[in-house]
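Residues per chain are reported as follows:
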Amino acid sequence: MTVATSIIDVNNGNAGWTKANVMDALETAFSQLGLNSGTEATGVPQACITPNGSSYAVGTLNAEWYHANGGDQGSDFDWGSQLTNRYLVTEVGSDYRLVKVINGNAPYYAVFVDQTTDEFIYTRHGFETGDSVRYAKDQTDTTLNIGTTVTIDTVYYVIKTSRDRFQIAASLADANNGTQIDLDGYSSGSTVIDIWTQEAQQASDYINPTIEIYKGDKIEFENTATNSTNMTVCMNTDVFNTNQRVVYNDSTYNSYPESETSISYRVNPTNISCVPGANLTWDTSSRPQTETEPTVPTSELHPAIENIPENNGITKYIYCSESTATAKGEIILLPGFISHNTTYNNYYKYTVPASGGRSELKLRIWRYGYNDGKLGGVTIHSIGSGWNAEEVITIPGEDVGFNATTGDIRFGVRTPETSTNGYDGTAEILVTTIGGGSSMFQKHKDGHFGVLKVENDSTKKYGYTYYCLTLLESASSHWKLYISSGSGWEWLNRAGTNSSVAIGDTLGRFTGHQGLDWGTSGGEPNHNSSSLFNVSGNATPTSYPLQIRTYRAQAPQDTNFSIIQFCSIINEVVTVNSTISFCVGDGYGSGTFDLDDVFLGGVIEYAPTSDDFIIRTWLPGYTHAGGWGTIYSVTQEPPTDYSIVRNAFYGYMRGNTSSSSFSDVYFQNINSPDADETSVYYRNNTYDKYNGIGIGSNADYFKPIKTIPISQKMIPCPYYLPDDFAILQVTTTPGLIAFRPGDTVTISASEVYTIVVPSYTSQNTGLDGISNNTTSGTLLLARTT
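Residues numbered from 1 in each chain as written. Predicted model: local features only at pLDDT ≥ 70, side-chain atom pairs only at ≥ 80, totals over all residues. Heavy atoms only, no water.

**Q** With reference to specific residues and values, describe the overall build of the protein.
**A** Tallying secondary structure elements over the protein gives five helices and 45 strands in all. For the protein, restricting intrachain contacts to residue pairs at least 6 apart in sequence, the fraction spanning at least 24 positions comes to 67%. Accessible area for the protein stands at about 30600 Å²; split by element, carbon and sulfur atoms hold 46% of it. (Helix = DSSP H or I, 4+ residues; strand = E, 2+ residues; numbered from the N terminus. Contact = heavy atoms within 4.5 Å. Areas by Shrake-Rupley, 256 points an atom, 1.4 Å probe, with all protein chains shown as cover.)

**Q** Break down unusual backbone geometry for me, citing the residues and quoting the values.
**A** The residue after Ala555, namely Pro556, is reached through a cis peptide bond having omega 10 degrees. The residue Pro556 is located in the loop between strand S31 (546–552) and strand S32 (562–570) in this model. In this chain, Ile715 is followed by Pro716 through a cis amide linkage whose omega measures -5 degrees. In this structure, Gln763 is a non-glycine residue whose phi angle is positive, near 55 degrees.

**Q** Summarise the sheet that holds strand S18 (residues 346–352); cite the residues concerned and give the values.
**A** Pairing within the open sheet is antiparallel, and its three strands lie in the order S18-S19-S20. Here the strands that pair on one side only, and so sit at the sheet edges, are S18 and strand S20 (375–380). Going across the sheet, the axis of each strand differs from the next one's by a mean of 25 degrees, ignoring polarity. Relative to S20, strand S19 (residues 361–367) is paired through five bridges, and the arrangement is antiparallel. Its bridge partner being in S20, Ile365 is matched across the sheet by Val378. (Pairing = 2+ DSSP bridges. Axes fitted to C-alpha atoms, helices over the stretch in contact; angles between N-to-C directions.)

**Q** Explain the sheet that holds strand S43 (residues 744–748) to me, and be specific about the residues and the numbers.
**A** The strand order across the open sheet formed by four strands is S42-S45-S44-S43, and the pairing between neighbours is antiparallel. Each end of this open sheet is capped by a strand with a single partner; those strands are strand S42 (725–732) and S43. Across the sheet, the axes of successive neighbouring strands diverge by a mean angle of 35 degrees, strand direction being ignored. In this sheet, strand S44 (residues 751–764) lies alongside S43 in antiparallel orientation, the contact comprising four bridges. Residue pairing for S44: Thr744 is matched across the bridge by Thr754.

**Q** Report on the environment of Val233, specifying residues and quantitative values.
**A** Following the sequence through the fold, Val233 ends up in strand S13 (residues 231–235). Taking the C-alpha atoms as reference, Val233 lies 5.3 Å from Val246; in sequence the two are 13 residues apart. Beyond its immediate sequence surroundings of up to four residues, Val233 is in contact with Phe221, Gln244, Arg245, Val246, Leu280, Trp282, Ile318, Tyr319 and Ile331.

**Q** Summarise the pattern of salt bridges; cite the residues concerned and give the values.
**A** Within this structure, the stated rule accounts for 28 salt bridges. Linking Lys160 and Glu128 is a salt bridge whose minimum nitrogen-to-oxygen distance equals 3.3 Å. Of the two residues, Lys160 is situated in strand S8 (residues 154–160) and Glu128 in the loop between strand S6 (119–121) and strand S7 (132–135); the sequence distance between them amounts to 32 residues. Glu128 sits in the partly exposed class, given a relative accessible area of 37%. Notably, a salt bridge pairs Glu605 with Arg616, separated by 3.0 Å at the nearest N-O pair. Highlighted residues: Glu605 in strand S34 (residues 603–609) and Arg616 in strand S35 (residues 612–618), separated in sequence by 11 residues. On the basis of relative accessible area, Arg616 is assigned to the buried category, the value being 18%. The network of salt bridges with shared partners includes Glu291, Glu293, Lys349, Lys362 and Arg364. (Salt bridge = Lys/Arg side-chain N within 4 Å of Asp/Glu carboxyl O. Buried < 20%, exposed > 50% of the residue type's maximum accessible area, 1.4 Å probe, protein only.)

**Q** A description of the confidence of the model for the protein should follow, citing residues and the corresponding values.
**A** Any segment with low pLDDT has predicted coordinates that should not be analysed in fine detail. Mean pLDDT for the protein: 86, with 88% of residues reaching 70 or above. Contacts for the low-pLDDT stretch residues 624–634, under 50 throughout, to residues beyond four places or in other chains number 29 contacts. (pLDDT = per-residue confidence, 0-100.)

**Q** So what's going on with the pairing of strand S12 (residues 218–223)? Residues and values would help.
**A** Counting buried positions along S12 gives six out of six residues, so the element sits mostly inside the fold. Both faces of S12 are covered, namely the face carrying Lys218, Glu220 and Glu222 and the face carrying Ile219, Phe221 and Asn223. Across six bridges, strand S3 (residues 84–92) lies against S12 in parallel orientation. Residue pairing across strands places Arg86 opposite Glu220, the latter belonging to S12.

**Q** Outline the pairing of strand S17 (residues 328–334), supporting the account with residue identities and numerical values.
**A** Inspection of the sheet shows strand S11 (residues 211–214) paired to S17 by four bridges, in the parallel sense. For Ile211, the partnering residue across the bridge sits in S17 and is Ile331. The antiparallel pairing of strand S16 (residues 317–321) with S17 creates a hairpin that spans six residues between the two strands.

**Q** Describe in detail the environment of Leu361, supporting the description with residues and values.
**A** Note that Leu361 resides in strand S19. The class for Leu361 is buried, based on a relative accessible area of 0%. Taking the C-alpha atoms as reference points, Leu361 and Val44, separated by 317 residues in sequence, lie 9.9 Å from one another. Non-local contacts of Leu361, meaning those with residues more than four positions away in its chain, are made with Pro45, Tyr350, Thr351, Val352, Ile380, Ser382, Trp387 and Ile429.

**Q** Quick rundown of the packing of aromatic side chains? Include the residues and the values.
**A** Per the counting criterion, the structure on display carries 29 aromatic pairs. Between Phe739 and Tyr760, the ring centres sit 5.5 Å apart and the planes meet at 80 degrees, which makes this aromatic pair edge-to-face. Residue Phe739 is found in the loop between S42 and S43, and its partner Tyr760 is found in strand S44; the two are separated by 21 residues along the sequence. Its relative accessible area of 12% is what places Phe739 among the buried residues. (Phe/Tyr/Trp six-rings, centres within 6.5 Å; stacked < 30°, edge-to-face > 60°.)

**Q** Could you give me a rundown of the environment of Ala749, with the residues and numbers involved?
**A** As for its placement among the helices and strands, Ala749 is situated in the loop between S43 and S44. On a C-alpha basis, the gap between Ala749 and Thr785 in space is 8.2 Å, while along the polypeptide they are 36 residues apart.

**Q** Can you lay out helix H1 (residues 19–32) for me, pointing to particular residues and giving the numbers?
**A** Taking 1.5 Å per residue as the helical rise, H1 with its 14 residues ought to reach 20 Å, and the 20 Å between its terminal C-alpha atoms agrees with that figure. The buried count for H1 comes to 10 of 14 residues, which makes it a mostly enclosed element. Directly after H1, the chain includes Gly34, whose backbone phi takes a positive value near 70 degrees. (Expected span 1.5 Å × (residues − 1).)

**Q** Summarise the side chain of Lys100; cite the residues concerned and give the values.
**A** For Lys100, the position within the fold is in strand S4 (residues 95–105). The residues touching Lys100, leaving out its near neighbours within four places in the chain, are Asn85, Arg86, Tyr87, His125, Gly126, Phe127, Trp196, Thr197 and Gln198.

**Q** Before we move on, could you go through the state of the cysteines and cite the residues and values that matter?
**A** Using the criterion set out here, one finds zero disulfides in the structure. Looking at the unpaired Cys320, the closest cysteine sulfur is the one in Cys234, lying at 4.1 Å. (Disulfide = S-S within 2.5 Å.)

Structure representation (structure tokens):
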């Protein structure tokens, strides 16, 4: 059994290396160690960027999108103020019959009647062709008749001509044939009445119908007094669920739906349970529009999201009886341009068809619902491939709520508008590469960051871990590697590998639930001491060559285990900057945790300190940096926004008040003061004597220590280093001996090790009692023979 080793020279062994050189070398190391998971895809659309080149590519309701072609639509898209849609609800057996009612002043002048086109004018009337409607139901005042052709309390049939206009026909056949009634006059009355009421002509009419309403309008259900059951409205359920109610003026619903798996608190809960004879009113402005497709493909971007509709963007509403299971129907919230501020913004969907080697691409075009329908953003909602940078496409305006031609949205070579408020700019679709095998999952061309996707157990719900690696230069001139981990990585609709900045959520963010899968700052990678490792030394670091050294266990030991080490070559001397391992594989946590419940996201650090040696296990990113610097306590009991509860190591570190790691110090106890640390067993017949009397030579013990736990503070210990990695105490003469990575330690002809991390001090007084004659320390070794 031996350990496979390699040396990767950063920038081909030359000084003057850059972040990009370091990230390239890391990518090679990950490939050699088998850490890169997934299948490579090129030409993957990543984000849409505005014509003016906003650095924040997501741009949902970003004013820079106004400057795109089709960005400004003017007053044609102002649909007017908020309206209330009324429905009379009656029970028919075990079902509901819903009859739509339009009320107001009788249409006695041209604002309501267009004699030229024979159309009635009612904003967002909601009728469909073929609907039977009764004009002025139960009225007897003949002054409400409309000319000579439309009389009170009479049934007609709707011919829908537009969202805001309709004609009427004398029969259903006429309606289907488009044969309208001639409107030859107006009403002379001005009474506020139920002007139009849907009329059931047969038993199946309007039974549990699907209702469509534009987001921002209100809906009012009149639960008829003769009904026997209470009525309510629920969200994201197919049947009545008391915890999924939706009620009037529901403004508490926020942008973090993952926190509302049980929606039990509401503003103004009047008639949340609408009894017979009462009305239930719902202001839809505080809810997202209806959606049947996930926000993104959950298999890749959101593996941690549980099967709760709010979490993947699927949104459904129903009206329902609280006690009769079959009395229910769906409410569809449509996008619209109502002059009313809403909590969630409107969008239209458009699919760019596949072409040649280019896949189809699903887009959402976001609109300001209360600002003349101006363009607010374009986001991507599918994983594509085969796209070129600056791909030329046109989204027809009429397909996304705008006018034809003038409302078209163009993509191609990014081009700003020709003049201020010219609204003729061309947007751009940014593309990236998704790696696997020989490539990292993501890698920025300038080396700002990379994402490592690790497969631990593909059969498990949380079987993959995503590590975000960010390279930054600190004020002390160290080059730092910051590591954060999570169960999913959201790169879509972020600038990502096209980003011009080195930090922030524009690179991407971890997915899942806040407090479970990521802490605060919107899931963006943390840059604090809980995830910090030195890539270089602090004295003109790029002036010296840099290496990445790797050590990987071989079968039959755990081949998932490996060590990665950053070394500077200073005056031809190998100097260790940091040494780490990623917690990888299904060998972790056997009998303690299961990756169907938690994700594995730890980093192990091997650190020299004087002549002792530290193994430190990190839960990376657990502490939170506020404003890049303020470290908050990691103790969050019970869990809060700062917690990462789903990380497997949280079960050990939840009570750690000082840091987000556990450290085992392996104490060098040969001729050293005792310490309350881990002491390695050592016996020496030559020196273990008093007054000439000592132990026998058979008691001598000076061996490598194997089967090392990643932390003795974790019980039960989730993992032990493979036996080919060992710790050895050393004392040797003379006192100026230096131990270097790569040096050989021979235990016997068949047991030879390479030094991975040396921790030692020179010119000590050893067991021989001679001052400055001994070098003593603790070494991390990898067996090579």
